[in-house]
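For reference, the chains in residue letters:
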Amino acid sequence: MSLKQRSFSFLFSFLLSCALFAQDFEALQYRTIGPSRGGRVTTVTGTPLQQGTFYFGASGAGVWKTEDYGTSWYNVSDGFFKTPSIGAIEIAANDPNIVYVGTGSDGIRSNIISGKGVYKSIDAGKTWEHIGLENAGQIGAVEIDPTNSNIVWVAAIGNSFKPNEERGVFKTTDGGKTWEKVLYVSEETGFADLELLPGNPNVVYAAAWKARRTPWTIDSGGKNSEGGIYKSVNGGKDWVKLEDGLPKGLIGKIDLAVSPVDSSILYAVVEAPGDDRGLYKSVDQGKSFVHVSDDERLVNRPFYYTNIELDPTNPDIVYSNANPLIKSVDGGKTWTRMSVPHGDNHDIWLNPDNPDLLIQCNDGGANVSHNGGKTWSTQYNQPTAEIYQVAVDDQYPYWVYGAQQDNTTLAIPSMAPSATSPINGPVMLDVGGCETGPVIPMPGNHYIVYNNCKGRFSVYSKKTGQSREYSIGASNIYGHNPKDLKYRFQRVAPIHVSPYNPETVYMGSQFVHKTTNGGKNWEIISPDLTANEPDKQVISGNPITRDITGEEYYSTLYSIRESKISKGLIWTGSNDGVISVTKDGGKTWKNVTPKKMPKGGRVESVEPSQFDPAKAYIAVDRHLLGDETPYLYKTDNYGESWELISTASNGIPSDYTTRVLREDPVREGLLYAGTEYGMFVSFDDGTTWKKFQQNLPVTPITDITLFRGDLVLSTMGRGFWILDKVTTLQDENITQLGDSPVLFQPDDTYRYQTPWGGDFPNYPSTSVIIDYYLPSDVKDGVSLQILDAQGKEVATIVSDSTQLKSTSEKVEDMSLSMTFVYMDEKLEAKKGINRFEWNLEQKGAWAKNKRRRYRNGPMALPGKYTAKLTVGNQSFEKQFEILMDPKLEGDGITMADLQAQQALQLKVIDLLSEARMLQDKVEEKIKELEKANATESQLQPYKDILKELKNDDGAYPEVVMVAQISYLYYILSSGDKVPGQEEKDRYQVLLTQFNALKQKANL
């Protein structure tokens, strides 16, 4: 390319970027479909001043609040917090409106989300202010001085993946305006917990913890000088290390608890080797400790759990949150297991005025108890699931599949499944496998689902409910040193179904494995496609606690994709940063890792182009190596060379680690990127990126798929989200918006009979989505006409009520040719991109109430239609098609049946309109006669007619003509069906009766 050409290309990209970045995509809203089942919650708290009020903080879902003892929860951090990862929440003792939140959860898993400092609310969570410590990383504790809510202490663990100076104990005395680091050990040692002495908040205990994550191990603890318990008696000015009775050697994570009723008593649960582990107790404010218990349940996975709490009225009652939740009533000497709704426990808070009222949290959510833990509130009211990947099946409507962290795999519908659930009720299917996934329905046969569970492959049948495991190697690889394994499978080992044969499945260890018969036989079709550095093949968990769950298996394949346009062209990416490609189905492979890409990153996704077989895209995540930089690359020559398309200045912030990159299947160069903190879109093949977040909460986007025009997402903390119909983004006009209105092409839409939708799950009723662009606000409103194939008006929608007066005509007879015009505020007339959802409603019956007049008509039939947008004196038209529900054929319903049904529906609507109008005329006639002081003999004939038309007032009146016609319309419209003979006969009876009554009224 010449210099002149490059300059022009840059100028064009710059101008395109300016035009796009000026646009607002707020009209394109995501909707959540759940699941409603809770995900990992890391911290909880409450307040004795408002007994039913509690908060929880999740690992990827932000801060949630209940005011009804956990009966319902709502998010309070969306729109304020830069991160959804929460480490600690504290409410001021004397004012429940004052709440402090430390971000960054303290259980430093490999998928942990970084903290972004401390937030403060002075209105009980309605609004929040960021008050600093943005680089403190993960925050283990926040404590508020009970005598002064402007004095706050923070225990900062620090960055989980690299040394940093912002570790230590921090204190503010002015409500967060300024902070002082009052205790610091080193750039590798942070603080996991701190406690204030009841009655004297100048006395402070703090627990130091040396901790770090890498992709291949978790380091928790260090030399005694690098950890331990510190104490200050003068508000943090001076500190001493407490040592008497505590472990002298290696020391790891520590959690503290001070008795509110006896301030001399201090407990510490300590990670340490062998018999030194467990619970320690001091009865002299830390001068000396006694080792009370070495029960391994106290520290069975310390980096992840390690939390103790005391009964606020009895220092001998101790709770330990780990796996499991255990309780002691003798000061920690003996322990009993408590039953909770879910395992993997993280935190507990007990009401100081009534310790039987408590809240506890775990990997399944938060749960409230009124009776000391005998029974708990539900976790099925918290849409905070951490989902690893997303897939869809080919049902109508389609279902969405994924695997939920520390729970089951699941499939949930994209739209309301009216036959299987109460309206707005959650529907979930466990479809085999386990928490890690992936879970992929077989194309063409959604009854078969391919699964992975921590490296073990299985095939699930929905028909039988059986899962048949066909694991490669048939060996349990849990807990092994990876260097000794024949096959290294990551716990989220990739599964990919060939686009050419639904029974051909690829799975990745360090090799690519292939089956063509559902896993009964496997063949290896590649060499080791990883870097496989020997020093990274080690047992995880140092220097104290072994922890090897499969998360830490390094040098494994993490993503596999076969090209949809070139059979046998397969791309792979490993979790140690190697990209490989084969063009011949695995006979030969080539390492095509970008030469300038930093080493060792996790290749979260590979994406072969659907337009050019030589082109592919990758998303690489290096946050476990302490590098949060987004790494997105593309190649157009089979990986011979790569271009970085996530530079420091082209739209994605420098700390937004990239999780997934997908290409639009319709428009070349349209890309979607999921990052640690949300969504981005590019219209120019990655040259520039624009935020594409809209109403989506800040949470990691773990996977993206595009299906039937929808953008479907999985998230690490907020379940699944769908952006219906991204067709507008595929339109060339989207990058050329200027001074003229634009009507975008509506998608062809399936005509489903669905129940009414709700807020959660957000299941919409069937609608045709119509997007349009206005160059400026339109004062006189806009109108939208829907025309059928013959050009006949089906409906006209206007954006303001003044247009109704100019377009409505007064109808004296029952002519069905009258235009059906109604006003809908959702037909926006504001500048920018707007979206309107036409619900397929045709003209219904006349009603005296103008707001209900002609509403509730039948759904438009399948067929070709035209959307006509009018803005001022300009009109724009686009054709679209309403498609028949494919499921109807299986029920024996044809298009002819729908036409026959609608023909009768329209006749009944006509009859209902006439009957209602006659009733109105009779009522007006009676009023007129009464006003004229007519005699009873003059009134009685009309009263008798009204009695035949209108139900009497009161309970259980006899149902007469108008209501009978309305009921006939109801049962005739109860579903897509062949009209029954009884309905046809009933119509004729009612028509005859009405005509006789109409003649009798003579009005």
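See above for the structure.
Since the model is a prediction, treat every value here as computed from it, not as a measurement.

A. Summary view of the packing of aromatic side chains. Per the stated rule, a full pass over the model turns up 27 aromatic pairs. Through a chain of ring-to-ring contacts, three or more aromatic side chains come together here, namely Phe 25, Tyr 30, Phe 683 and Phe 692. Sitting over the face of the ring of Tyr 447, Lys 463 holds its NZ or CZ atom 4.8 Å from the ring centroid. The side chain of Arg 855 reaches across the aromatic face of Tyr 822, ending 4.0 Å from its centre.

B. Main features of the packing of helix α5 (residues 895-931) against helix α6 (residues 936-949). α6 packs onto α5 with a crossing angle of 155 degrees between their chain directions and a minimal axis gap of 10 Å. When the interaxial angle is binned, α5 and α6 end up roughly antiparallel. Note on packing geometry: the crossing formed by α5 with α6 is left-handed. Here Ala 915, Leu 918, Gln 919, Val 922, Glu 923, Lys 925, Ile 926, Leu 929 and Glu 930 of α5 lie close against α6, whose contacting residues are Gln 938, Leu 939, Tyr 942, Lys 943, Ile 945, Leu 946 and Leu 949. For the contact of α5 with α6, the residue count by class is 10 nonpolar, two polar and four charged.

C. Inspection of the state of the cysteines at higher detail. Tallying each qualifying case throughout the model produces one disulfide. The partner cysteine of Cys 434 in its disulfide is Cys 453, sulfur to sulfur 2.0 Å. In this structure, the disulfide formed by Cys 434 and Cys 453 twists by about 100 degrees around the S-S bond and is classed as right-handed. Taken together, the positions of Cys 434 in the loop between β32 (409-413) and β33 (439-442) and Cys 453 in strand β34 (residues 445-453) put the pair 19 residues apart, joining distant regions of the chain. The pair Cys 434 / Cys 453 is uniform in exposure class, with both members buried.

D. The arrangement of unusual backbone geometry in detail. The omega angle of the peptide bond from Gly 34 to Pro 35 is 10 degrees, so this bond is cis rather than trans. Mapping Pro 35 onto the fold places it in the loop between β1 (31-34) and β2 (41-46). Along the chain, Gly 437 connects to Pro 438 via a cis peptide bond; the corresponding omega equals 0 degrees. Tracing the chain through its elements places Pro 438 in the loop between β32 and β33. Residues other than glycine seldom take positive phi values, yet Leu 133 does so here, at roughly 60 degrees. Position of Leu 133 among the secondary structure elements: in the loop between β9 (129-130) and β10 (138-144). Even without being glycine, Asp 685 reaches a positive phi, approximately 60 degrees. Inspection of the secondary structure assignment puts Asp 685 in the loop between β52 (678-682) and β53 (690-691). Owing to a relative accessible area of 10%, Asp 685 belongs among the buried residues under this scheme.

E. Local environment of the sheet that holds strand β50 (residues 658-663). Read across the sheet, four strands follow the order β50-β51-β52-β53 without closing on themselves; strand pairing throughout is antiparallel. Edge positions in the open sheet fall to β50 and β53, since each of these has one partner strand only. Pairing of β52 with β53 involves two bridges; the strand directions are antiparallel. Residue Val 681 lies in a different strand from β53, and its bridge partner there is Lys 690.

F. Representation of the sheet that holds β34 in the model. Spatially, β33-β34-β35-β36 is the arrangement adopted by the four strands of the open sheet, whose pairing is antiparallel. In the strand order of this sheet, the two ends are held by β33 and β36 (466-469), each with one partner. The average angle at which neighbouring strand axes cross in this sheet is 25 degrees, direction not considered. Pairing geometry for β33 and β34, over four bridges, is antiparallel. Bridge pairing in β34 places Pro 441 opposite Val 449.

G. View of the nonpolar core. Among the nonpolar cores identified, the biggest contains 34 residues, and Leu 784, Ile 786 and Trp 838 are the most heavily contacted of them. If sequence neighbours within four positions are ignored, Leu 784 has contacts with Ile 770, Ala 795, Thr 796, Ile 797, Leu 827, Phe 836, Ala 867, Lys 868 and Leu 869. Residues Leu 911, Leu 918, Ala 934 and Tyr 987 belong to the second largest nonpolar core, which totals 28 residues.

H. How the structure looks around helix α8 (residues 981-1001). Between its first and last C-alpha atoms α8 spans 30 Å; for 21 residues at 1.5 Å apiece the expected length is 30 Å, and the two agree. Against α5, α6 and α7 (961-972) lie the buried residues of α8. Of the residues trailing α8, Asn 1002 is marked for its positive phi of about 55 degrees.

I. Up close: the pattern of salt bridges. Going through the model one piece at a time under the given rule, you end up with 48 salt bridges. In this structure, Asp 528 and Arg 488 form a salt bridge, with 3.1 Å as the shortest nitrogen-oxygen distance. Of the two residues, Asp 528 sits in the loop between β40 (523-524) and β41 (542-543) while Arg 488 sits in the loop between β36 and β37 (495-497), which places them 40 residues apart along the sequence. Using a relative accessible area of 27% as the deciding quantity, one classes Asp 528 as partly exposed. Residue classification places Arg 488 among the buried positions, given a relative accessible area of 5%. Sharing partners across several salt bridges, the network here consists of Lys 615, Lys 634, Glu 643, Glu 668 and Asp 685.

J. Representation of α7 within the structure. Across its 12 residues, α7 extends 16 Å between first and last C-alpha, which sits within 8% of the 16 Å expected from 1.5 Å per residue. Against α5, α6 and α8 lie the buried residues of α7.

K. How the structure looks around the pairing of strand β24 (residues 314-321). The buried fraction of β24 amounts to six of the eight residues, a majority that puts the element mostly inside the structure. Sheet topology places strand β23 (residues 307-311) next to β24; five bridges connect them, and they run antiparallel. Along β24, the bridge assignment pairs Ile 308 with Ser 320. Hairpin geometry of β23 and β24 is characterised by an intervening segment of two residues between the two adjacent antiparallel strands. Of the pairings in the sheet, the one linking β24 to strand β25 (residues 325-328) comprises four bridges and is antiparallel in character. In the sheet register, Asn 321 faces β25, and the bridge partner there is Leu 325. Where β24 folds back onto β25 in an antiparallel hairpin, the turn is made up of three residues.

L. Broad picture of the environment of Thr 588. Among the structural elements, Thr 588 can be located in the loop between β44 (579-582) and β45 (590-591). Of the residues examined, Thr 588 reaches a relative accessible area of 47% and is grouped as partly exposed. C-alpha of Thr 588 to C-alpha of Val 233: the two residues are 355 residues apart in sequence and 69 Å apart in space. Discounting residues that sit within four places of it in the chain, Thr 588 has contacts with Val 581, Thr 582 and Lys 583. At 2.7 Å, the side chain of Thr 588 forms a polar contact with the side chain of Asp 584.

M. Structural view of the packing of α6 against α8. Two numbers describe how α6 lies on α8: the axes approach to 10 Å, and their chain directions differ by 160 degrees. What the angle tells us is that α6 and α8 run roughly antiparallel. At the point where α6 passes α8, the crossing takes the left-handed sense. Where α6 approaches α8, its residues Tyr 942, Ile 945, Glu 948 and Leu 949 are matched on the opposing element by Leu 997, Lys 1000 and Ala 1001. In the contact of α6 with α8, the residues fall into five nonpolar, no polar and two charged.

N. Structural context of the pairing of strand β19 (residues 254-258). In terms of residue burial, β19 counts as a mostly covered element, since five of its five residues are buried. Side chains Ile 254, Leu 256 and Val 258 of β19 all project onto a buried face; the interleaved residues Asp 255 and Ala 257 project onto the opposite face, where all are buried too. Across five bridges, the pairing between β19 and strand β20 (residues 266-270) is antiparallel. In the sheet register, Val 258 faces β20, and the bridge partner there is Leu 266.

Conventions and cut-offs
Residues numbered from 1 in each chain as written. Predicted model: local features only at pLDDT ≥ 70, side-chain atom pairs only at ≥ 80, totals over all residues. Heavy atoms only, no water. Phe/Tyr/Trp six-rings, centres within 6.5 Å; stacked < 30°, edge-to-face > 60°. Lys NZ or Arg CZ within 6 Å of the ring centre and 35° of its normal. Axes fitted to C-alpha atoms, helices over the stretch in contact; angles between N-to-C directions. Helix = DSSP H or I, 4+ residues; strand = E, 2+ residues; numbered from the N terminus. Parallel < 35°, antiparallel > 145°, perpendicular 65-115°, else oblique. Left-handed = near helix turned anticlockwise from the far one by under 90°. Contact = heavy atoms within 4.5 Å. Nonpolar A, V, L, I, M, F, W, Y, C, P; charged D, E, K, R; others polar. Disulfide = S-S within 2.5 Å. Buried < 20%, exposed > 50% of the residue type's maximum accessible area, 1.4 Å probe, protein only. Pairing = 2+ DSSP bridges. Core = buried A, V, L, I, M, F, W, Y, C linked by side-chain atoms within 4.5 Å. Expected span 1.5 Å × (residues − 1). Salt bridge = Lys/Arg side-chain N within 4 Å of Asp/Glu carboxyl O. Polar contact = N/O pair within 3.5 Å; in protein donor to acceptor, adjacent residues only side chain to side chain.

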